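# Fold and geometry: a report
Single-letter residue listing:
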Amino acid sequence: MPADPTFLSLVLVDRSAFDRTISRILNYERESRMKYRYRPCLLATSTVLIGAMTASASAQWVSFSNQTNNRIQSSSTAFTTSDFEERDYSYGDLNNNGWIDLVAMRKQPGTSTGRRVNRLFMNENGVLVDRTVEYASAVNQSMLPGGATDEGFLTETNDRDSVLSDLNNNGWLDLVTATTISNGQPKHIGYPRVYMNLGADSNGDWQGLIFENDRIPLMEAMPHMPRFCAVDAGDLTGNGYADLYFGDYDGGLAGGGAPMTLDFNDRILINDGNAFFADESTQRVQNTSWLNTAFASAVVIADMNDNGRNDIVRVNSLGGYQTGIFYNSSNEGFFNQLQNAVGSSPYYVAVADLNNNGRLDMVSARDGSDRVDFNQGPGFTGQVNWSGQNLPQSNGFRSNITIADLNNNGFKDIWISDMDVDLLNCSNGANIANIYRNNNGNNFSADDGNISGAANLRNTFDAAIFDINGNGWNDIVQARCSNAGAGKGTTVWMNNPTFGINIGLGSIPSTVDADDEIALQFTVRAFGSGTLDTDSVTFFYSVDGGSFQSITATSIGSDDFEVVLTDVPCESTVRYYVVAQLDNGFELAAPVGAELSPNELTVGDCDDPADPCPADLTGSGVVNVFDLLELLGDWGACEGCPADLNGDGVVNVFDLLDLLGAWGSCD
């Protein structure tokens, strides 16, 4: 499921008052289907979002261009343009290089038993490259039962949902899947799967993900299998570690040709601090009947009533409390209130702060009109009061929701995919996916951003919305089914910026001479409707792995800027990046990833520079009779002495001639 919203480039700099004001939103901010986008706190101790806009920025709407052929690559089109399997996207920076990567959970469409392999697309300088074999096929064999085999993503599973989260707080994103109808399969195939991030090796190279079967406990006796449809991760107990909530199909509904043998209902799994989980479902809710669901198609973990404790939002499409919020009590980790939040017939839900008031609002895809409900704050009991409005041009029975700021005006927009993922065939009637433009947080209008017509918007399972090419604008990866037409399984829509910043660092050399002052020059240029704030251009640098320091750059004419580094040791390595801002609040860093993936330059060695006046043997600044006397005093063999001006090991007439040739002031 998604992750944190505003997924624009992250830059690690000093935390500001802005961060403190909306820290709760940044720690959750899951724009879309609640898959992990960005959770800034995972990347460093202090972060700010780069590419984000202030709410007062330009409200000009967006347009997109289809760049699928240039932006996503695999050895087989069966995993890109000809992939018509049901896909569920998660995205985040898996290798901590500042580029957002894409995970695709794949299964046979609809409520079915059809297992498929999953795919991992790593973002390589703005191109999503299939690296499943290299980075997502490792397995901890010691955690498999005797004789069992597994190949990670290359093993066919029936995964319907996933979430990226740092499960062991080591600064690297891990992956959890929600696995559905898998009758007759062993636990490592039919249960949710945890892929731990192996981090970097001693050379700094990312090692990928590894599947570890033992991290999810056996919840019921074999051969019974869960039928989970949704998962989210978040700290439920207040100990700082991400726990898991799984939403369950009802057995009567989700047969898929394989009748249920035991109804698992929803499950709450608690993290022991080492990313091993225990099933504490019945111990964590006041009434265990709250966990009984007829079709839990979406779940979210977030602090809805702003009391500093994460709550659980769960869609139960065909039962009671259809959009239920489990409120976390003062005894953190125990849920003692359940609110039926926004009425009947929901099919999917996502949350984000839509009007920039610091509270998490809710978007629901429903059987009837889709809906936005604004969080009015908690009442006396701690339950949120809601005020809602229906979204225009919505025909119901739609699914995955992605929330992100598409036009960089500081307000988050909404994408709702049109496919009813419970259907076995690729048919959705007259429905199309909709993009809803956020009009300054007050209302929404349907606007497709020139992805025009049913031909482009129909038959969509899911959409991943994030900045693919690092220009500060969110792009769209669209997952579609077979009725979309040949070559349209996966489509990549690149945002056409209406304003932005180009930062050119190519004039900074990779090696510079050692000096008391090192001058570096680069270019920063605004384009479109924005104007560059020249005072905002800042050069961040770190010497030999130390903490980053900042220097405000000096404009030296046109688009050129300069900084002067002082007291940088010789034979040192300087890592650096540049941040600049427009007058409308848009901010960008270069290179992409900033502190995560800075550029480097090497300072030269410590050899003493050539003496500009070697005949001044006394160091007076003048070559005169006193230097002549010094030279005559060293006459003869004198290896390495200063008076041997030509370095031949002897002070003789040739050195005398050199001294006389330099007679007078050294200036």
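Each remark here, short or long, concerns the structure printed above.
Presented here is an overview of the structure given in this document.

About the thresholds
- Residues numbered from 1 in each chain as written.
- Predicted model: local features only at pLDDT ≥ 70, side-chain atom pairs only at ≥ 80, totals over all residues.
- Heavy atoms only, no water.
- Helix = DSSP H or I, 4+ residues; strand = E, 2+ residues; numbered from the N terminus.
- Contact = heavy atoms within 4.5 Å.
- Areas by Shrake-Rupley, 256 points an atom, 1.4 Å probe, with all protein chains shown as cover.
- Pairing = 2+ DSSP bridges.
- Disulfide = S-S within 2.5 Å.
- Buried < 20%, exposed > 50% of the residue type's maximum accessible area, 1.4 Å probe, protein only.
- Patch = residues over 30% accessible without salt bridge, like charges linked within 9 Å, V, L, I, M, F, W, Y side chains within 5 Å.
- Salt bridge = Lys/Arg side-chain N within 4 Å of Asp/Glu carboxyl O.
- Lys, Arg positive; Asp, Glu negative; His and termini not counted.
- Charge placed at Lys NZ, Arg CZ, Asp CG, Glu CD.
- Polar contact = N/O pair within 3.5 Å; in protein donor to acceptor, adjacent residues only side chain to side chain.
- Phe/Tyr/Trp six-rings, centres within 6.5 Å; stacked < 30°, edge-to-face > 60°.
- Lys NZ or Arg CZ within 6 Å of the ring centre and 35° of its normal.
- Axes fitted to C-alpha atoms, helices over the stretch in contact; angles between N-to-C directions.
- Core = buried A, V, L, I, M, F, W, Y, C linked by side-chain atoms within 4.5 Å.
- Domains from an automatic or database assignment.

When its secondary structure is counted, the chain shows eight helices and 46 strands. Put simply, 63% of the contacts in the chain that link residues at least 6 apart link residues at least 24 apart. When the accessible area of the chain is evaluated, it comes to approximately 24000 Å², of which 45% is carbon and sulfur surface.

The subject of this paragraph is the sheet that holds strand β9 (residues 138-139). On the basis of which strands lie adjacent, the open sheet formed by five strands has the order β9-β13-β12-β11-β10 and mixed pairing. Strands with a single pairing partner mark the edges of an open sheet, and in this sheet they are β9 and β10 (159-165). When strand β11 (residues 174-179) meets strand β12 (residues 194-197), the two strands line up antiparallel, connected through two bridges. The residue bridging L175 from the neighbouring strand is Y195, located in β12.

Within the structure shown, the criterion is met by two disulfides. Linked covalently through their sulfurs, C613 and C666 form a disulfide whose S-S length is 2.0 Å. Looking down the S-S bond of the C613 and C666 bridge, the torsion is -60°, so its handedness is left-handed. A residue pair is termed long-range when its members are at least 10 positions apart, and C613 in the loop between β42 (599-603) and β43 (622-623) and C666 in the segment after β46 (664-665) qualify at 53 residues. We classify C613 as buried; its relative accessible area is 16%.

Where like charges cluster on the molecular surface, the negative patch consists of D513, D515, D516, E517, D567, E571 and D605. Exposure remark for D605: the relative accessible area of 43% places this residue in the partly exposed category.

Now for the environment of D266. Position of D266 among the secondary structure elements: in the loop between β15 (243-248) and β16 (267-271). The spatial distance from the C-alpha of D266 to the C-alpha of F246 is 5.6 Å, given a sequence separation of 20 residues. Polar side-chain contacts of D266 include one of 2.7 Å to the side chain of Y245.

If charged atoms from side chains of opposite charge come close, those side chains can pair. Counted under the stated rule, the structure contains 16 salt bridges. D130 serves as the salt-bridge partner of R119, at 2.9 Å between the closest nitrogen and oxygen. Of this pair, R119 sits in strand β7 (residues 119-124) while D130 sits in strand β8 (residues 127-130), placing them eleven residues apart in sequence. In terms of burial, R119 and D130 fall into one category: buried.

Turning to the environment of A526, a few remarks are in order. Structurally, the position occupied by A526 is in strand β35 (residues 517-528). You can call A526 partly exposed: its relative accessible area is 22%. When neighbours within four sequence positions are excluded, A526 is seen to be in contact with G500, T531, L532 and L582.

So, on to the pairing of strand β39 (residues 560-566). Working note: regular strand, side chains alternate between the two faces of the sheet. Residues F561, V563 and L565 of β39 are buried on one face, while the alternating residues D560, E562, V564 and T566, pointing to the opposite face, are not. As defined by bridge partners, β35 adjoins β39 across seven bridges and the pair is classed as antiparallel. From the neighbouring strand, Q521 faces β39, where its bridge partner is E562. Summarising the sheet, strand β38 (residues 554-555) and β39 pair through two bridges and their orientation is antiparallel. The partner of S555 across the bridge, within β39, is F561. The antiparallel hairpin formed by β38 and β39 contains four residues in its connecting segment, where G557 sits at a positive phi of about 115°.

Each aromatic ring pair is summarised here by two numbers: the centre-to-centre distance and the angle between the ring planes. All chains considered together, the criterion is met by 19 aromatic pairs. Residues F295 and Y347 carry aromatic rings whose centres are separated by 5.7 Å and whose planes lie at 85° to one another, so their mutual orientation is edge-to-face. Remark: Y347 occurs in strand β22 (residues 346-352) and F295 occurs in the loop between β17 (277-279) and β18 (298-302); sequence separation between them is 52 residues. Y347 shares its class with F295; the two are buried. On the basis of an interplanar angle of 50° and a centroid distance of 5.4 Å, the ring pair of F548 and Y577 is categorised as tilted. Linking F548 in the loop between β36 (532-543) and β37 (549-552) with Y577 in strand β40 (residues 573-582), this pair joins segments that are 29 residues apart in sequence. Following the ring pairs from residue to residue traces out a cluster consisting of F522, F539, Y541, F561 and Y576. Its end group placed over the ring of F211, R193 keeps NZ or CZ at 3.8 Å from the ring centre.

Let's shift gears to unusual backbone geometry. Residue P223 is bonded to the preceding M222 through a cis peptide linkage, with omega at 10°. Checked against the element boundaries, P223 lands in the loop between β13 (209-211) and β14 (228-234). The omega torsion across A590 and P591 is 0°, close enough to zero to call that bond cis. Residue placement: P591 occurs in the loop between β41 (587-590) and β42. Although it is not a glycine, N96 adopts a positive phi angle of roughly 55°. One can find N96 in the loop between β5 (86-92) and β6 (101-107).

Before going further, it helps to spend a moment on the sheet that holds strand β21 (residues 335-340). The sheet built from four strands is open, its strands ordered β18-β19-β20-β21 with antiparallel pairing. The sheet terminates laterally at β18 and β21, the two strands that pair on one side only. Adjacent strand axes in the sheet meet at a mean angle of 20° when their direction is disregarded. Bridge count between strand β19 (residues 311-315) and strand β20 (residues 323-328): four bridges; the pairing is antiparallel.

What follows concerns the nonpolar core. Among the nonpolar cores identified, the biggest contains 44 residues, and I476, L520, F522, V524, V537 and F539 are the most heavily contacted of them. Counting only elements with at least two residues in this core, the list comes to β30 (460-466), β33 (499-504), β35, β36, β39, β40, β41 and β42. Top element by residues in this core is β40. It accounts for five residues. Formed jointly, this core draws a minimum of three residues from each of two domains, domain 1 (67-497) and domain 2 (500-603). Excluding residues that lie within four positions of it along the chain, L520 makes contacts with I508, V512, F539, F561, E562, V563, L565 and L601. Of all hydrophobic cores here, the second largest spans 31 residues; its members include V300, A341, Y348 and V363.

Moving on to the pairing of strand β31 (residues 475-480). Within β31, six of the six residues are buried, leaving the element largely enclosed by the surrounding structure. What you see with β31 is no split at all: D475, V477 and A479 on one side and I476, Q478 and R480 on the other are buried throughout. Taken together, the six bridges between β30 and β31 define a ladder with antiparallel strand orientation. Along β31, the bridge assignment pairs A464 with V477. Note that β31 and strand β32 (residues 490-495) share four bridges and pair antiparallel. Bridge assignment links I476 to a residue of β32, and that residue is W493.

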